[in-house]
Structures are given as structure tokens and as C-alpha cells.
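Listed below, chain by chain, are the residues.
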Amino acid sequence: MSASSRRSWEGPWEGGLALILALAVQAVALAGCQPALHLGGFALLPLAEPIALLDAALAVGAALLALRGLRLGGRPGAWPAALALALLSPFAAEVLLAPFACTLPNGAPRRAAFLLLSAAGALGALRLGQRAARRGPPPGPPTPFARAARRWAARGALAAGTLAVLLVAAELALGAAGVGERRYARPLLILPGDGRRMPLSEIALFVPFGPPPPGTFSSRFRPYVFFKGWYDRPRWSYFDAQGQVAYVFNRHGLRDHDFELLPAPDEYRVVAAGDSFTFGAGVPLDLCWPEVLERNLREHLGRPVEVINAGFASGNHPGDYEPWLIGNGVRLQPDVVVVGLCLNDLHKDVSLFGFRPRRLPPQPLAGRSHLLNAWQESRLPPDGPAEPIDWTVLVAAEPEQWEANRAALRRTHEALEARGIRLVVAILPMLSGLRGEYPYEGLHHMVAEACASDGLECVDLLPRFLGLVDEDLWVHPTDQHPNDVGHRIIAEGVEEYLRQPR
Amino acid sequence: MAARLLRLLGVALACALPVLLWDASLRAAVRRDVAALAGPEDPARERAAARLAALGADAVPAVVRCFSAEQHNAASAVRDSGTSVGAGELTTPAMTFLQAHASPDVVDGVVAALGDEDHDVAHFAGLTLAWIGEAAEPAVAARLRDPEPRVRASAAWVLSLMGEAGTPALPALQEALADPDEDVRHVARFAISQLSSGNEAFWEAVRAFRAGSR
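Observations concerning the overall build of chain A
Item 1. Along its length, chain A carries 15 helices and eleven strands.
Item 2. For chain A, buried positions account for 49% of its 502 residues.
Item 3. Put simply, of all contacts in chain A between residues at least 6 apart along the chain, 74% involve residues at least 24 apart.
Item 4. Working note: accessible area of chain A is about 23900 Å², and carbon and sulfur atoms make up 63% of it.

See the structure below:
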């Protein structure tokens, strides 16, 4: 057929359809259904599967249409046809190489043969397209419809471009002004060497395998466990550049520097038992209150001092500490055991945050856009006054956990006292509502009265914290554990109490 | 000028296309075959196993991609199992395949995945090597001298999971205690403690788990 005698849609029609079919072939391949040479030759191919037959039929149809488009020539048809052939070239390469599949070893040789052949095929197709485009009739003057379409396309592009520039400028301006920030992600644990991020609850993965041999010192964690806590955009300078804090355990499975099991002569030894507040969640080891206490006592007493961080050594509450302190704790021969009592020891539902949290919908685009975040924030109802939770009512209504922990403290005290070891209960405040209506105050009184009644030494650290700004004491907006400042205040309070004459 | 640029673009596209297609279609085909391995015993499963076995080491880069969280909903895994170490549907069949075909080439491919940017891929590659055990130990121990600190730490971590099979690496781990990177030193110290005597209960559990997974 000559170029002058053919219809106007011939050529572009074949080329366009060939391109669509070639794209469909690719889509099937990318869905994992391609009968491919790299799967070990056609003997193993899933050619019997209908999708593979459809793929082959599509490829053959696309190739025939593309060849016809090229033969007809002309720019509108030749380029889509050439592109379709280029897209099909990897399949052609596979078919051509199929007879040699057994002779080509797996790995680089087979891959190189495939890549060279298909690249050559694609280049050849583009060259054919170039020649066919030159061969076609010259393009005529544009029709009024084409002119209008071009004009409107230009206007649309201009409007879209202007809008895009405005949006980018708004994003940058809001970002610079700190408006519409992405909300903080929750803190996670990282295993260096593994790299996987896990929720904080995964800390339970590092418990020893099986019971410890009898007569050996043991803790809840394996010796030399090492992991890191990750926080999203932390405020405090003690975090590393990645927003991480290292948790390094010693040979005894405690988060502490290595120490000898038996104290040195003249050494003043304290065992600090407790939960995450004593362990130092979100704080480097040297800034945890037992370490600060050790340095302070050493300075003031002028003698060797060892304060052993037994946070999480045996669990989360005094019922867990009791067997560990009576067994392992006594082996350390301390002068004093300080139990850092956290108020959630009174009831499992007592939370670190003393107010009903505001429920917020998830941010659009996972919080990536300042503009969308600000827009969403503007549509949310205004934040009302924080509503405190009366924890005392909760504990009074369900006192079982507190009663059990209180009895454990009593038994621990008796066992330690029989060995000449002093037990001090340090009531650690929750860092929520310290400047206003502190919702845990009743719990402090409850513990102090119980200690007085049971003959336990007790130091309530709340007065040292009241009046301070909650957020300034938090590890992170998503983690209300005490930061370095909070740990320093705890250490100072405990030190002052220990140095008082009895 | 514009025509020349267009021509160059066309040539670049023609050369890049096969590479992109090779990787993408191979990955898709392998993912499909790994998914078939997780299915019931039938001819499709046998064909998938045969294809993957014929590919051997060539399949490894695509098989380890099945570990990626993109292949499963990690959040739902955490919710459903209470642990983030919950695996996607393709993870276990992919690990089992790699363990069953642990030739030196396959092991090298899995070891290479320890440095993968995708932490899930690196994590499950490490677990796979720990599953493989003795056959993987020399290649993993060699990675303790990798120029990348993250890979050195990964190697030490994997050795810590190997149980008794990792004990020949103890001298290399001792050397790693002097590594310039603090993380590597800490992980090496943990690995040494796991591979030292006193952990026989853990070793036995690893041995039993390895035997059961075969």
C-alpha cells in the first residue's frame, strides 16, 4: 500500500495498538507470569498455564501490528510501533536464546547474553522507527480543533505549573515556620546488627534461654545484651545523631558497668531495684539515677561506692523483685536496697500520662505534607482542658495488685533485715500534672501510709518535682519516662535521704 | 540539539529496559514461585520448586526480596502475633527454600543480603543464615571484616544465633572486640557470650529447630 492511497488512521492505529499490547505483555511479565528463559529454559516453563499462553499470543499480536505500523511509515505510527518492538525485544531475546539455555551457565553469562541481545533488539527497533518516520508523508497544517486543543493544553499546563509552584512554596513556608509538623512516631527498639525496629514491648526477647544453673548469679536478661532505643526527632542532646540511646548490659545481665559480685573492703554498696524508671528507659546509662547516685555518694562519702542498677533485673513490680532480691540481691552483699516504686505498681492501669489523651485521626499522607497537616489541624475541634483521671479511686476499687506488692515489700524487708541490709522504698512520681492538679497525689499518700504502717523506710520524691514543667522532664513527647533531669532529681532525693542520720 | 538529546534518551532507554525488565520480571516470577511453595502439595508447587532449584544462586536476590515488609503487612503481623518478628506469608517458604539449597553460591547470596537497605530483608537473611548453620558460618565470619560497620555487626549478630555451629567463629569474634565501631564491639561481645559454654540449652534448641525446619 502506498502512503498516498492509505487511510489517515492507518499507521497510527497499528502503532498505537501495538504499543498498548506490548505494555500489556510487560504487565503480565511484571505480575510474575512471564515464560522466561532465566527460569531454566522452556522445559520448565509454565507454558501450560493460560496466562502464559495469553502472554505469548499478546506478544505475537503486538509484534505483527508493530511491523505493519513500521511498513506503513509516517511519524505518528512509526514511533509507537518502534517503541512496542523495543518493549518486546527482551521476549525476542529469550526466545532466540531458548535453544542454548542448557549451554549457558546460570549467573553472569546467561544474564549478559540476554541483556546484550535484548539491548541490540531494542536499538534495532528504534533505528527502524527512525527510518519509517522519515519515509512517511510530511505533516499537514494543523486543523482548528488541533490548534484549540494545543492552546487549552498550554493553558492547563501553565495553570498546573503555577499551582505546583504555589504548593511547593506553601510547603516550604509552613515547614520553615514549624506549622503542620508531622506527629511523632512511637519509640522503637533497634537491634544493632539486625537493624529491625521493634516495639518497646519486644524487650522480652532478650530473656535467658532456660533456667539459670543453680547457685549462679542471674538476671532477667542475657549477659551482654545490646540494643538501642530509637526516638523520633528527640529534643535532648544526649541522644545520638540517629535519635538513639544505647542499652548495654554487663556480664551479669544488668544494665550497668561491670562490677565484682563481692564488694571491695570499705565499699558502700547500694542495689537499686525497680522498673523502667530505674532501668533508665530513654536515658544513657551514665545519666540514670543509680549512676548519678553512685557518683554523688562517692564524692560526698569519700570512699568506694557501687550503686548497682537492677532495674528490670527481675521484672516490673515488687512482687517480681522479692525473689530476686532475696536470692541474687543478697549475694551482692549491699548495705542498702532502694526499691524505686513506680505508681503503676499499685494497679496495672495506672498510666504514665495522667490525663485522658486527645484522640486524633491519622494525618493525611502519613504526615509528610505540612500543608495537609495544617489543613487537618484547622478542621479539628479545639482542644479542651485536659481531664485528669482519679487513679486513687481505681486503686481503692481494685486493690489486689497493690496489696500483693505491699506484702512482697514487707517480706523483702524482713528477709533483708535479717541479713543486716537496709530497705528503702523511693516513691517515684509520674511526670504528669506536676504544675497543676497532680492526679496521682492520693497514690503517694497511700504508699507512704502503708510503708509507715509496715515499718518500711520510705522517701517520697514528689515534693522535688511539683511545680516543674512536665514536658521538660520527659524523655520524649511520646515517652513520659524521666529524662536526664528527672533522673538527676531522683538521685539527689535518694542521696539526701541515705545520708540522713537514721 | 533536541533531536540528538531525544536520540540519546532513546538509546539509554533501549539499553536500560532489558536490565529493568530482567530484574523486575525475575523478581515477580520468583515471588510467584515462592508463594506457590507455600501452597498445598500439587503440580504447581512442584513446578515452582523445580524452577527455583534450576535458578539456584540466580534466584537468591529475588528470593530474599520476599522477606521485605512490602510483601506483607508488618503492622498487622505485630497486632496479630503480639510481636514484630511475625513473618509475612512468603517469608517462611523463602527461608525454607534457601536453607534446603544452601550451596556456597546461595549462602554467598544470602550473606550479601545482610547489608540490604531494607531492614526486614537483612533481618530474615540473618535468620536464614542462622538456620543454615555450619554451611554458612565461614561466609558469615568472613563478613566480620566487611568495610561496612552495619554488615560487621550483622555478621556478629547472626553468629550469636547459630548456637554451636557458630563456635568456630569465636577467634574472629574475639578480634571484633577491637573493632573501631562501638556497635560492632557490643554485638561481638554478646555473640561471644552466646557461643561460650553455659549456653548448651540454647544450642540444643537451635539444633532441634534447625532439624525440624528441614
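On we go.
Focus on the state of the cysteines
All names here are of chain A.
Item 1. Following the criterion strictly, the structure yields zero disulfides over all chains and no others.
Item 2. Cys 288 carries a free sulfur, and the closest cysteine sulfur to it, the one in Cys 342, is 14 Å from it.
Item 3. A relative accessible area of 0% means that Cys 288 is categorised as buried.
Item 4. Considering cysteine sulfurs only, Cys 458 is the nearest to Cys 451, which forms no disulfide, with 4.1 Å between them.

Points about the confidence of the model for chain A
Item 1. Averaged over all residues, the pLDDT of chain A is 86; the fraction at 70 or higher stands at 88%.
Item 2. This model gives residues 35-48 of chain A a pLDDT under 50, and the stretch forms 40 contacts once residues within four places in sequence are excluded.

Concerning the pairing of strand β9 (residues 457-460) of chain A
Residues and elements named next belong to chain A.
Item 1. Of the two faces of β9, the one lined by Glu 457 and Val 459 is fully buried and the one lined by Cys 458 and Asp 460 carries no buried residue.
Item 2. Direction of pairing for strand β8 (residues 422-428) relative to β9: parallel, over a ladder of four bridges. The residue of β9 that forms the bridge with Val 425 is Cys 458.
Item 3. As for the winding sense of the linkage, the β-α-β connection from β8 through helix α12 (residues 441-454) to β9 is right-handed.

Digging into the nonpolar core
Across soluble globular proteins, you tend to see nonpolar side chains buried next to one another.
Item 1. Counting residues in hydrophobic clusters, the biggest one holds 78 residues, and the most contacted among them are A:Tyr247, B:Val30, B:Val63, B:Leu98, B:Leu129, B:Val140 and B:Leu173.
Item 2. Residue contacts for B:Val140: discarding those within four places in its chain leaves B:Val111, B:Leu129, B:Ala155, B:Val158, B:Leu159 and B:Met162.
Item 3. Grouped together as the second largest cluster of nonpolar side chains are 68 residues, A:Trp289, A:Tyr321, A:Val350 and A:Ile389 included.

Digging into the pattern of salt bridges
All names here are of chain A.
Item 1. What the rule picks out here adds up to 25 salt bridges over all chains.
Item 2. A salt bridge links Arg 68 to Glu 14; the nearest nitrogen and oxygen atoms lie 2.9 Å apart. Placement of Arg 68 in helix α2 (residues 50-72) and of Glu 14 in helix α1 (residues 12-33) is noted, with a sequence separation of 54 residues between them.
Item 3. Look at Arg 68 and you get partly exposed, because its relative accessible area is 27%.
Item 4. By relative accessible area, Glu 14 is classed as buried at 3%.
Item 5. In the salt-bridge network here, residues are joined through shared partners; they are Glu 181, Arg 182, Asp 232 and Arg 233.

Structural notes on the packing of helix α7 (residues 289-301) of chain A against helix α15 (residues 484-499) of chain A
Residues and elements named next belong to chain A.
Item 1. It is at 8 Å that the axes of α7 and α15 come closest, and there the two elements cross at 45 degrees. Considering their axes alone, α7 and α15 lie oblique with respect to each other. As for how α7 packs across α15, the hand of that crossing is right-handed. Two secondary-structure elements touch here, α7 through Trp 289, Val 292, Leu 293, Asn 296, Leu 297 and His 300 and α15 through His 487, Arg 488, Ile 490, Ala 491, Glu 492, Val 494, Glu 495, Leu 498 and Arg 499.
Item 2. The class makeup of the residues in the contact of α7 with α15 is eight nonpolar, three polar and four charged.

Notes on the packing of aromatic side chains
Within a pair of aromatic rings, the relevant descriptors are the distance that separates the centres and the angle that separates the planes.
All names here are of chain A.
Item 1. Inspection of the entire model under this criterion finds 14 aromatic pairs over all chains.
Item 2. Ring centres of Phe 249 and Phe 279 lie 5.9 Å apart, and the angle between their planes is 40 degrees; this geometry places the pair in the tilted category. A residue pair is termed long-range when its members are at least 10 positions apart, and Phe 249 in the loop between β4 (244-248) and β5 (268-274) and Phe 279 in helix α6 (residues 276-279) qualify at 30 residues. Per residue, the accessibility class of Phe 249 equals that of Phe 279, and both read buried.
Item 3. Seen from their ring centres, Phe 279 and Phe 312 are 5.0 Å apart, and the 50 degrees between their planes marks the pair as tilted. On the criterion of sequence distance, the pair formed by Phe 279 in helix α6 and Phe 312 in the loop between β6 (305-311) and α8 (318-331) is long-range, its members being 33 residues apart.

Digging into α7(A)
All names here are of chain A.
Item 1. The first and last C-alpha atoms of α7 sit 17 Å apart over 13 residues, in line with the 18 Å expected at 1.5 Å per residue.
Item 2. Taken together, the buried positions of α7 are occupied by Trp 289, Pro 290, Glu 291, Val 292, Leu 293, Glu 294, Asn 296 and Leu 297.
Item 3. Contacts made by the buried residues of α7 are with β5, α6, β6, β7 (336-342) and α15.

Notes on the environment of A:Glu267
All names here are of chain A.
Item 1. Relative to the assigned elements, Glu 267 resides in the loop between β4 and β5.
Item 2. In sequence terms Glu 267 and Val 305 are 38 residues apart; their C-alpha atoms lie 5.4 Å from each other.
Item 3. The contact partners of Glu 267, leaving out residues within four places of it in the chain, are Arg 303, Pro 304, Val 305, Glu 306 and Asp 335.
Item 4. A polar atom in the side chain of Glu 267 sits 2.8 Å from the side chain of Arg 269.

Side note on the sheet that holds β7(A)
Residues and elements named next belong to chain A.
Item 1. Pairing in this open sheet of five strands is parallel, and the strands run β6-β5-β7-β8-β9 from one edge to the other. Each edge of the sheet is formed by a strand with only one pairing partner; in this case those strands are β6 and β9. Going across the sheet, the axis of each strand differs from the next one's by a mean of 20 degrees, ignoring polarity.
Item 2. Along the sheet, α7 makes contact with β5, β6 and β7, crossing β6 at roughly 165 degrees.
Item 3. Sheet contacts for α15: β5, β7, β8 and β9; angle to β8, the most-contacted strand, approximately 145 degrees.

Some details on the environment of A:Glu299
All names here are of chain A.
Item 1. As for its placement among the helices and strands, Glu 299 is situated in helix α7.
Item 2. Take Glu 299: its relative accessible area is 63%, and that puts it in the exposed class.
Item 3. Taking the C-alpha atoms as reference points, Glu 299 and Pro 482, 183 residues apart in sequence, are found 24 Å from one another.

Conventions used here
- Residues numbered from 1 in each chain as written.
- Chains lettered and ligands numbered in written order.
- Predicted model: local features only at pLDDT ≥ 70, side-chain atom pairs only at ≥ 80, totals over all residues.
- Heavy atoms only, no water.
- Helix = DSSP H or I, 4+ residues; strand = E, 2+ residues; numbered from the N terminus.
- Buried < 20%, exposed > 50% of the residue type's maximum accessible area, 1.4 Å probe, protein only.
- Contact = heavy atoms within 4.5 Å.
- Areas by Shrake-Rupley, 256 points an atom, 1.4 Å probe, with all protein chains shown as cover.
- Disulfide = S-S within 2.5 Å.
- pLDDT = per-residue confidence, 0-100.
- Pairing = 2+ DSSP bridges.
- Right-handed = clockwise from strand over helix to strand, strands pointing away.
- Core = buried A, V, L, I, M, F, W, Y, C linked by side-chain atoms within 4.5 Å.
- Salt bridge = Lys/Arg side-chain N within 4 Å of Asp/Glu carboxyl O.
- Axes fitted to C-alpha atoms, helices over the stretch in contact; angles between N-to-C directions.
- Parallel < 35°, antiparallel > 145°, perpendicular 65-115°, else oblique.
- Left-handed = near helix turned anticlockwise from the far one by under 90°.
- Nonpolar A, V, L, I, M, F, W, Y, C, P; charged D, E, K, R; others polar.
- Phe/Tyr/Trp six-rings, centres within 6.5 Å; stacked < 30°, edge-to-face > 60°.
- Expected span 1.5 Å × (residues − 1).
- Polar contact = N/O pair within 3.5 Å; in protein donor to acceptor, adjacent residues only side chain to side chain.

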